[in-house]
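# Structural overview for review
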There are 2 protein chains.
Amino acid sequence: MSIRCEQSPDEVSRVVRCWQRGGGSVGLVPTMGALHEGHLSLVRASVAECERTVVSIFLNPTQFSPGEDLERYPRRLEEDCRVLGEAGADLVFCPAEQTMYPPGFCTYVVQEGLPERLCGAFRPGHFRGVLTVVMKLFQVAPAQRAYFGRKDFQQSVLIRRMAEDLNVPVEVRVMPTVREKDGLAMSSRNEYLTAEQRRQAVCLYEALAAARRLFRKGERSSERLLGKMREVVAGFPAARAQYVEIVDPDTLQPVRQVGEDSVGALAVCLGEVRLIDNMPFGECPDIFLGRDS
Amino acid sequence: MSIRCEQSPDEVSRVVRCWQRGGGSVGLVPTMGALHEGHLSLVRASVAECERTVVSIFLNPTQFSPGEDLERYPRRLEEDCRVLGEAGADLVFCPAEQTMYPPGFCTYVVQEGLPERLCGAFRPGHFRGVLTVVMKLFQVAPAQRAYFGRKDFQQSVLIRRMAEDLNVPVEVRVMPTVREKDGLAMSSRNEYLTAEQRRQAVCLYEALAAARRLFRKGERSSERLLGKMREVVAGFPAARAQYVEIVDPDTLQPVRQVGEDSVGALAVCLGEVRLIDNMPFGECPDIFLGRDS
């Protein structure tokens, strides 16, 4: 079960290219570590669809704004490697920070428009850091497919757009959100929650689910669906909504008339902990842990 | 001598990957067309060093600022393809503008610091356009080596930095400037010059050469070497210097004490035509057409 853990980009490139020459397809799962069932669902998808799976574990400093939780973000490389081995991954890429960002580093991947929406409006520079590190990972480990979680909805839209715009030969696969039994989306940041905050953290899912129920009864006004979402969050005294939106899945622009492909998305703070969640109004293949499906 | 000319990025990718699988090395020469001896020297270097050579011809709109010469930039694809076939290139990639920048395109590669120096100070957005299109070309045609002309000095520094920062597995080869007999660096923009402007266009080379002569006599003060360069340009009444600098070859920052690796660089306007040139103070392998070497 012991998995190979490699710090050197050159060595990872060598191994991946060697696999490719053998004709096998390669899947890449970029992570920041502190792995949970959401990450593992991505790894299992890659293992099922590709002959080899590379998981990167890199707590990327450039996607944290000053004052955010970089310092306290959970780190547990050894345990992460153990579960990745069990899940069938073939290689862990865990570079040092100074390897990824050596002195003189000055190149970034940016987007116009999309990163200013939703989370981007509250996390300046966040998506520049995400796009830059993911582009680097795409070059180090040139996989046929890369796996991202639907929970980070805006991120998945931006990365898909980047791959298309910059002609990166990778299929960006966006996989269903994995949720706790009560609906809370899995996130490494859930560990920060106190017991009381954890109980109230279900407000994100409850708000999205309530709006979906209204939609299924025929409501199409974004104003009224947003009103329902805000009302649900307001019912949780510890929760403070940062944004509540219903957007087009490609442009991330607010919609007036809600359709099956429209996406409800929100960010909520519980004390110092900032959580996000989203859901399409049409078919939604989310996975609930410990629930009969 | 007829060379294959391909508009489709997917098809170019397929061909290049097919070559790679056969074990052959691939060279990429990005150009905007209107090819001259400078471009052909890059093609010949690639043909000599790589088993296959791809030349891209794409007049990249994103690297032209509003009001620049995009509209009048010379276009002659048929003749370009003919000389590329004669030079031994294997494939021309000549995509349509809407293929490279489809509706919704919003992703760019940027750098902090370096693009603000030299030409970048006078051409806002220019290097963002250059880096973005070159990154796209690196993805479409994943070559082992890519060839750029030393004449576009700042461009070559930025592209090398980008490849390193974003882990692009390509060797960036920067080749000697090719000059006319009188020293004028080859450029597609030389075609804009009137006969009188053409005569005075030698001022860039003369300024660099004069400073180098002073340097070889022992002068190390950038102030005095810059003074000499400005004095030479001032002797040409049609020429208006945009910048005259002596910089570090990696940081592009001005130097006080000039060394062998310091680079003299200048931009000069002759009427509407903007020309650039540069030269290191140490060894300089420039090629002079029609001179005995």
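Every chain is numbered independently, its residues counted from 1 as its sequence is written. Here chains are named by letter from A upward and ligands by number from 1 upward, in the order in which they appear as written. This being a predicted model, a pLDDT of at least 70 is required before a residue's local features are given, and a value of 80 or more before pairs of side-chain atoms are given or counted; all residues contribute to the totals for chains, interfaces and linings.

What follows is about the overall build of chain A. When its secondary structure is counted, chain A shows nine helices and twelve strands. The size measure is the radius of gyration over C-alpha atoms, and the globule rule it meets is 2.2 Å times the number of residues to the 0.38 power. In terms of C-alpha radius of gyration, chain A reaches 19 Å, essentially the compact-globule figure of 19 Å for 293 residues. Once the C-alpha set of chain A is aligned to its principal axes, its extents read approximately 55 × 40 × 40 Å. Split into buried and exposed, the 293 residues of chain A put 45% on the buried side. Sequence separation of at least 24 residues holds for 71% of the intrachain contacts in chain A that already meet a minimum separation of 6. Numbering of helices and strands runs from the N terminus; a helix is a DSSP stretch of H or I covering at least four residues, while a strand is a stretch of E covering at least two. In this scheme the burial state of a residue depends on its C-beta neighbours within 10 Å: 20 or more other such atoms mean buried, 12 or fewer mean exposed, and anything in between means partly exposed; the C-beta positions come from the backbone. Placing a C-beta atom from the backbone of each residue, one calls two residues in contact when those atoms lie within 7 Å.

A separate point is the interface of chain A and chain B. Each side of the interface is counted separately: chain A has 23 residues, and chain B has 23 residues. Elements that contribute at least two residues to the side of chain A that touches chain B include exactly helix 1 (9–21), strand 5 (107–111), helix 5 (126–140) and helix 6 (153–165) of chain A. If one sorts the elements of the side of chain A that touches chain B by residue count, strand 5 of chain A sits on top with five residues. Residues are grouped as follows: Ala, Val, Leu, Ile, Met, Phe, Trp, Tyr, Cys and Pro are nonpolar; Asp, Glu, Lys and Arg are charged; all remaining types, including Gly, are polar. Its residues assigned to classes, the side of chain A that touches chain B shows 13 nonpolar, six polar and four charged.

Among the nonpolar cores identified, the biggest contains 167 residues, and A:Val54 and B:Val54 are the most heavily contacted of them. Residue contacts for B:Val54: discarding those within four places in its chain leaves B:Val12, B:Val16, B:Val26, B:Leu28, B:Asp90, B:Leu91, B:Phe93, B:Ala141 and B:Ala143. Note on definitions: a nonpolar core is a set of buried residues drawn from Ala, Val, Leu, Ile, Met, Phe, Trp, Tyr and Cys, linked by C-beta atoms within 7 Å.

With that out of the way, let us pick up the sheet that holds strand 1 (residues 4–6) of chain B. Residues and elements named next belong to chain B. In this scheme, strands are said to pair when DSSP sees at least two bridges between them. The parallel open sheet is built from six strands, whose spatial order is 1-4-3-2-6-7. Strands with a single pairing partner mark the edges of an open sheet, and in this sheet they are strand 1 and strand 7 (171–175). Each strand axis lies, on average, 25° off the axis of its neighbour in the sheet, ignoring direction. Judged from the five bridges that link them, strand 6 (residues 145–149) and strand 7 form a sheet pairing that is parallel. For Ala 146, the partnering residue across the bridge sits in strand 7 and is Val 172. Helix-sheet contacts for helix 3 (residues 77–87) involve strand 1, strand 3 (52–57) and strand 4 (91–93), and the interaxial angle to strand 3 is about 165°. A fitted line through C-alpha atoms serves as each axis, taken over the contacting stretch for helices, and the angle formed by two N-to-C directions is quoted from 0 to 180°. Strands in contact with helix 6 (residues 153–165) are strand 6 and strand 7; relative to strand 7, the strand with the most contacts, it is inclined by about 170°.

Another aspect to go through is the pairing of strand 6 of chain B. Residues and elements named next belong to chain B. Within strand 6, four of the five residues are buried, which leaves the element mostly enclosed by the surrounding structure. Pairing of strand 2 (residues 26–31) with strand 6 involves two bridges; the strand directions are parallel. Its bridge partner lying in strand 6, Leu 28 is registered against Ala 146. Looking down the strands as they point away from you, a crossover is right-handed if its path from the first strand over the helix to the second goes clockwise. Following the backbone out of strand 6, through helix 6 and into the adjacent parallel strand 7, one traces a crossover that is right-handed.

On to the domain arrangement of chain A, then. Residue and element names in this part refer to chain A. By convention here, the domain bounds are inherited from an automatic or database domain assignment. What the domain assignment reports for chain A is domain 1 (4–175) and domain 2 (188–288). Take the side of domain 1 that touches domain 2: its biggest share by element is three residues, from helix 6. Residues that form the side of domain 1 that touches domain 2 fall into these classes: eight nonpolar, three polar and two charged.

It is worth spelling out the sheet that holds strand 11 (residues 273–280) of chain A at this point. Residues and elements named next belong to chain A. Spatial strand order, 9-10-11: three strands in an open sheet with antiparallel pairing. In this open sheet, the two strands that pair with only one neighbour each are strand 9 (239–247) and strand 11. Put simply, the sheet's adjacent strands are angled 15° from each other on average, direction ignored. The pairing of strand 9 with strand 10 (residues 263–270) spans eight bridges and is antiparallel. Bridged to Glu 245 within strand 10 is Ala 265. Packed onto the sheet, helix 9 (residues 222–234) meets strand 9 and strand 10 and runs at close to 160° relative to strand 9.

All names here are of chain A. Backbone geometry places Ala 34, a non-glycine residue, at a positive phi of 50°. By secondary structure assignment, the location of Ala 34 is in the loop between strand 2 (26–31) and helix 2 (37–49). Phi is positive for Leu 118, which is not a glycine, with a value near 45°. Tracing the sequence through the fold places Leu 118 in the loop between strand 5 and helix 5.

Bringing the confidence of the model for chain A into the picture now. Across chain A, the average pLDDT comes to 96, with 99% of residues at or above 70. The ipTM, which scores confidence in the relative placement of chains, is 0.96 for this predicted complex, and the corresponding pTM is 0.97. pLDDT runs from 0 to 100 and stands for how confident the predictor is about each residue.

These two copies of the chain differ by a rotation about an axis and a displacement along the same axis. You can overlay chain A on chain B at an RMSD of 0.0 Å; the transform is a turn of 180° with a shift of 0.0 Å along its axis. The symmetry that links the two subunits is that of a two-fold axis. Residue A:Val109 of chain A places its C-alpha closer to the rotation axis than any other residue of that unit, at 2.3 Å. Take the interface residues of chain A: 100% of them recur as interface residues in chain B, which is what a same-surface contact looks like. We place the copies in one frame by least squares, fitting the C-alpha atoms of every residue whose pLDDT is at least 70 in both.

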